[in-house]
Every structure is written in C-alpha cells, then in structure tokens.
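Notes for the structure review
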Amino acid sequence: MDKISCTKVGVLPGESEDKPSGKMGYKVGSRGIKCEKLRNLIIRAVKTHKSNSSNPASSTPGESRFWAIGITLLLIVMWTCGMQSMAFQNAKWPAATLKFIHPAVIIPERVYRNNGYLTVSSNGGLNQMRSGISDMVTIARFLNLTLVVPELDNTSFWQDNRIIRFINTLIFCSQFGDIFDVDHFIDSLKDELKIVKELPPYQKYKLKSRPLFQLAPRSWSNMSYYYDTVLPIFRKFEIVHFLKTDARLSNNELPENVQKMRCKVYYEGLRFTPHLEKIGKKVVSILRKKGPFLALHLRYEKDMLAFTGCTKELNKQEVDELTSMRYACPWWKEKKINSTQKREEGLCPMTPGEVGLALKALDIDPEIQVYIAAGEIYGKEKRLEGLRAFYPNLVKKETLLPSSDLGEIKDHSNRMAAVDYIVSLASDIFAPSYDGNMAKVVEGHRRYLGYKTTIRLDRKVLMTLIDKYKSGKMRWGEFSDSVKKAHRGLMGGPVERLKIPGKPKEEDYFYLDPEECLPKMYPSSQGKRSDKKKH
C-alpha cells in the first residue's frame, strides 16, 4: 500500500485556502525563462540596435563590443537549447544525465504575522522527544510563532550518554543536529512556519535586560488551551521557553488539520542525519541479502528492569542490584513493587524466553533472522538462550557491523536508538516485548507506510497462557490456537484508535494509530480495539 502524504494541512479558522491575505500568504519563486523566449529577446534587441544605427561603418568601439557580446550570447543560447532538445529526444540517456534540465522543487514559504518566538527543551528518550517535537512544531504553526530549533534534554535518566547518567551535565550529550537533519527540518516545513537555528540578535539582546519567561504547558491539552491561555503569554513576553514537550497535546478532540500537521512533522519533517541514515540502511542491506527479518524491540535492559521492578527468572543477587538501582534514581517515584502481581497484570517486559514461545505459537518461521533492536540485554548472551532455543538466527547491529562503523555513536544511546528505529521501520515484521514509546511510535509509523506487519504482544493474556502451558494445563495445539486468537486484531492493521474521554493515559496514543492521516478502512473483523487489547 502506498504511503499516504499529509502535505496539505489546511488553514486557520477564517483563512481562505485559495486567497491568502493578511496574516497568511505565500512567496512564490520566480520561474525559469524558456530557451525560445530568451533567444527571441536577444535577436529583437540586436535588430533594434541595428535599426537605430544610421551608419554602421561609423560605429563606436562600445557599439562593436555590444554586437560581439550579443552574437556570442545568441550562439550560447542556441547551443544550449539544441543540447536540451537532443537530451529529451534521446530516450536512451540515463535519468542521471538529464538532472540538470529539471528545475529544483521550490517549497513556498508561508508568510504570516509572527506572534513571538518559541524555544523548547525536549525531554525524554529519542522517541518521546521526537513525538514531543512534532507537537511543538504543530503548536507553533497554529499560534503563528517562530520556532527555534529545539534543545534536547539530557538531564533525565533516559539521557543520551551512558557514561554520565545521574550527572547533570550536557558535555558529552547529543543535541538536535547530532540526531536529526536540521536543514531538512527547516526547509521541509517552511510552507507551514518559520524555524530558525537560534534567536535573532535583537531578541537575544532583549533577554540581557530581562529573564526568559519559562512555562511547562499543561499535559494532554486541546488547542483552546493554547489559543486562550498560551498565546496571550507570547503577545506579552514575545519569547517563551517550554520546559517540557512530552504529551502536551491531547490524543483526540483536535481539528483534523492539527492532527495532519503532527503527522507531517513526524513522518516528513523529522529525518535522521545522513550519517545515521547511512548506518541504518547498511544494516538493512546486510539483513536483506540473507532474507526476511523480524525486528524485536526486546526491552530487557538493566534500567528497564530496575524501573519496572520485574524480576521473573532473575536470581537474588540480580534482584538486589536492580532494587538498589531503582531506589537510587530520584526520577523514579515507584519504589516498592510486587513483581508477581505486576506481571499477571501484563505490566512487565516479557523475558526473552517468553517472547520466543509467543512467536513460535504465532507460527513465525524459526529460520527468520531476528534483529535485536535494543540496548545491552541484562545478563547478556546467557539471558538470550531462551529466545535462541526457538530462533537461533539472532543478530544485532554490533554483530553485523564492524566497530568502526558505530565508532562515534556507540556511547550515545539516542543515536544507537535511531539506527534501531530505521531498521525496525524497514523490517518484514516488528514485534516489541513491552509497550514503551518506541513500540508505539514505530507501530504507528509502519501503519503510515502501508500497514506493515507489527505484532503487539498482549502480555496480560500471554502471561496466563504461558503459565498454563508450562505447568502442563494446556497442550501445545490449544496454547498456539489461543495465542493466535488473542492476536487477531493486533497485527498492525487498520483499527480505530481507542478513545477514553478524560483518561488520556489509558487510551491509545495518537502516534500509535494516527488514523486522521491514514485511509479509512476498518474491516469488520477488526474495527474498534477492545479495552483488553491495550496491553
């Protein structure tokens, strides 16, 4: 299925699509002049000059130079037109040879009266920041603001450099331009809003005499909040800094043009740097040469287990280590956790062995390559034995690429996560073992690219079925049939986003299922997602 484009976003209330005026308008680049027209203009100019000269023999040196220049230009134009004509007539020429005759696509800039400058600190991990930035761009666009390229927050636990966790410093951490293509970000969205790399000098000078006004926008807000509460702040202070970007727009109850703008930014404006794209595509190319592959977002890293408090299959020493880590982290509020209860409720990351059992029950080919899209697995290779028993062809970017290819990015988790994102997007099947931010946004992105297969493992159902099977209460056939039945509507196909008014954290995330940007095609076997399938 072809990708659905969201380049047409719409206009603000009261504005006309066809006749932009006032705050709205477009700068249109000048079009090139045709060869025939240019040649005729030169010939006409030469003839006019000749008719005005009553005695050519008495022409001045300046007039002679004019004649020489005119004839030379005419010959150059005629030669160029002839070469272009030959190029179009000769179908055997490769496309690359003809590139010089095609004008570049010019994106017109949106012209509007600027209501102020928005600066932001984008918080969270890579995928949380990416969706948050998309929302910030959308807010800036509809409030008629100028956006300054976002700063990336590196002070939370999920920060970028493993060496400096728990240390409040930005020394070795990635910034926007280390992960995203800044020039593409600015240029691809200039028909919607103005984005600048830094505040203009005059605005910087203003901040020397007064402090920067800072604000943490209300979570899960609709556009009325931004129009009625936030916009007046910009009109008063001109420059405003948003301290947080995650979940600052609601999932639902937003105009369709606002939702489509979020898609345009996320799927078209935010492109990874050429260097990261090159690494990711190299991994995909290596995998493709060997056949189909499944990208498994295996959330079984040390920090994830410490955060969730899930200890299934861990020994006492490991449990103690993870518990100490959780209590030491000030960002994590939940300290005392009942691991068994949490697992039964489907709130724990699945173990590698549990994932392997579930995929086998779903009849996933045991010979398929399984790409581990994750950080370092807690327990390393020993912990992967349970998964390898079902799927022996396990690979990671670290095993597929020479260390020199990962070089400067290997100590930066956000850049490594960007490579995993690229590979996961391109995979034949994507399967996350936990419903974190990457699991949600990659599933949504794969929907946007044409409903590519994504297995959302229903952990609550699976824990019950796996325990019954392992205890001998279910035979393999019954177990496999039950797993397949539970996942019929969880394969990344068209579904209606689950909406729960007043409970945004319990409903489906917008970027999990951006239905406003997708074709409406809900089959009767899927339709609305039931509440039990949130896990």
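Up top you'll find the structure we're talking about.
Residues numbered from 1 in each chain as written. Predicted model: local features only at pLDDT ≥ 70, side-chain atom pairs only at ≥ 80, totals over all residues. Heavy atoms only, no water.

For the protein chain, the count of helices and strands is 21 helices and 12 strands. In the protein chain, which comprises 535 residues, the share counted as buried stands at 50%. Across the protein chain, every contact between residues at least 6 apart in sequence was considered, and the portion connecting residues at least 24 apart equals 78%. A total of about 27,100 Å² of accessible surface is found on the protein chain, and carbon and sulfur atoms cover 55% of it. (Helix = DSSP H or I, 4+ residues; strand = E, 2+ residues; numbered from the N terminus. Buried < 20%, exposed > 50% of the residue type's maximum accessible area, 1.4 Å probe, protein only. Contact = heavy atoms within 4.5 Å. Areas by Shrake-Rupley, 256 points an atom, 1.4 Å probe, with all protein chains shown as cover.)

To continue, consider the side chain of glutamate 354. Considering the arrangement of structural elements, one finds glutamate 354 in helix H13 (residues 352-361). Since its relative accessible area comes to 2%, glutamate 354 is described here as buried. Leave out the neighbours within four places in its chain, and glutamate 354 touches Lys312, Arg343, Met463 and Ile466.

Another point: the state of the cysteines. Each disulfide consists of a covalent bond between the sulfur atoms of two cysteine residues. Applying the stated criterion to the full structure yields two disulfides. The disulfide partner of cysteine 263 is cysteine 517, and the gap between their sulfur atoms is 2.0 Å. Of note, the bridge from cysteine 263 to cysteine 517 carries an S-S torsion of about 90 degrees and is right-handed in sense. Here the residue cysteine 263 occupies a position in helix H8 (residues 256-269), and cysteine 517 occupies one in the segment after helix H21 (476-486), the gap between them amounting to 254 residues. Of the residues examined, cysteine 517 reaches a relative accessible area of 3% and is grouped as buried. Cysteine pairing in the protein chain follows 1-4, 2-3, where each cysteine in a disulfide is numbered by its order in the sequence. (Disulfide = S-S within 2.5 Å.)

Another point: the pattern of salt bridges. The full count for this structure, using the stated rule, is 30 salt bridges. The salt bridge partner of glutamate 192 is arginine 141, with a shortest N-O separation of 2.9 Å. Highlighted residues: glutamate 192 in the loop between helix H5 (182-188) and strand E6 (195-196) and arginine 141 in helix H3 (residues 126-142), separated in sequence by 51 residues. Summarising the burial analysis for this pair, glutamate 192 and arginine 141 share the class buried. Connected via shared salt-bridge partners are Arg141, Asp191, Glu192 and Lys264. (Salt bridge = Lys/Arg side-chain N within 4 Å of Asp/Glu carboxyl O.)

Here we take up unusual backbone geometry. One non-glycine residue with positive phi stands out, namely alanine 247, at about 55 degrees. Mapped onto the elements of the fold, alanine 247 is located in the loop between strand E8 (239-242) and H8. Classification of alanine 247 as buried rests on a relative accessible area of 18%. Phi is positive for aspartate 363, close to 65 degrees, though the residue is something other than glycine. Among the structural elements, aspartate 363 can be located in the loop between H13 and strand E10 (369-372). For aspartate 363, a relative accessible area of 54% corresponds to the exposed category.

What follows concerns the pairing of E8. Judged by which residues are buried, E8 turns out to be covered on both faces: Ile239 and His241 on one side and Val240 and Phe242 on the other are all buried. Pairing between strand E3 (residues 117-122) and E8: four bridges, direction parallel. Counterpart to threonine 119 in the pairing with E8 is histidine 241. Here three bridges tie strand E7 (residues 213-215) to E8, and the two strands are oriented parallel to one another. Looking at E8, one finds that phenylalanine 213 is bridged to valine 240. Remark: the E7/helix H7 (residues 223-237)/E8 crossover connection has right-handed handedness. (Pairing = 2+ DSSP bridges. Right-handed = clockwise from strand over helix to strand, strands pointing away.)

Of all hydrophobic cores here, the largest spans 79 residues; its most connected members are Val137, Phe176, Phe185, Leu193, Phe242, Phe272 and Tyr371. Not counting chain neighbours up to four residues away, the residues in contact with phenylalanine 185 comprise Ile133, Val137, Leu147, Pro150, Phe176, Ile195, Val265, Gly269 and Leu270. Among the nonpolar cores identified, the runner-up in size contains 40 residues, and Leu362, Leu394, Ile429 and Ala431 belong to it. (Core = buried A, V, L, I, M, F, W, Y, C linked by side-chain atoms within 4.5 Å.)

The next thing to look at is the packing of aromatic side chains. Tallied over the entire structure, the rule returns 16 aromatic pairs. Between phenylalanine 213 and phenylalanine 237, the ring centres sit 4.4 Å apart and the planes meet at 20 degrees, which makes this aromatic pair stacked. Pair noted here: phenylalanine 213 is in strand E7 and phenylalanine 237 is in helix H7, with a separation of 24 residues, a long-range link. With relative accessibility at 25%, the residue phenylalanine 213 sits in the partly exposed group. By the ring-pair criterion, three or more aromatic residues cluster together here, those being Tyr266, Tyr267, Tyr448, Tyr509, Phe510 and Tyr511. For arginine 130, the ring lying beneath its charged end belongs to tyrosine 266, and the centroid distance is 4.4 Å. Sitting above the plane of the phenylalanine 272 ring, arginine 130 keeps its charged end 5.1 Å from the centroid. (Phe/Tyr/Trp six-rings, centres within 6.5 Å; stacked < 30°, edge-to-face > 60°. Lys NZ or Arg CZ within 6 Å of the ring centre and 35° of its normal.)

In contact at an axis separation of 9 Å, H3 and helix H18 (residues 413-426) are set at 80 degrees when each is read in the N-to-C sense. The pairing of H3 with H18 is recorded here as roughly perpendicular in orientation. Contacts between H3 and H18 involve Leu126, Asn127, Met129 and Arg130 from the former and Asn414, Ala417, Ala418 and Tyr421 from the latter. Counted by class, the contact of H3 with H18 contains five nonpolar, two polar and one charged residues. (Axes fitted to C-alpha atoms, helices over the stretch in contact; angles between N-to-C directions. Parallel < 35°, antiparallel > 145°, perpendicular 65-115°, else oblique. Nonpolar A, V, L, I, M, F, W, Y, C, P; charged D, E, K, R; others polar.)

Looking now at the pairing of E3. Across the six residues that make up E3, a large majority, six, are buried. Neither face of E3 is open: one carries Tyr117, Thr119 and Ser121, the other Leu118, Val120 and Ser122, and all of them are buried. With two bridges joining them, E3 and strand E4 (residues 146-148) adopt parallel strand pairing. Among the inter-strand pairings, tyrosine 117 is bridged to a residue of E4, identified as threonine 146. Read as a crossover between parallel neighbours, the route from E3 over H3 to E4 is right-handed. Note: E3 against strand E5 (residues 151-152), two bridges, orientation parallel. By the bridge assignment, serine 122 is partnered in E5 with leucine 152.

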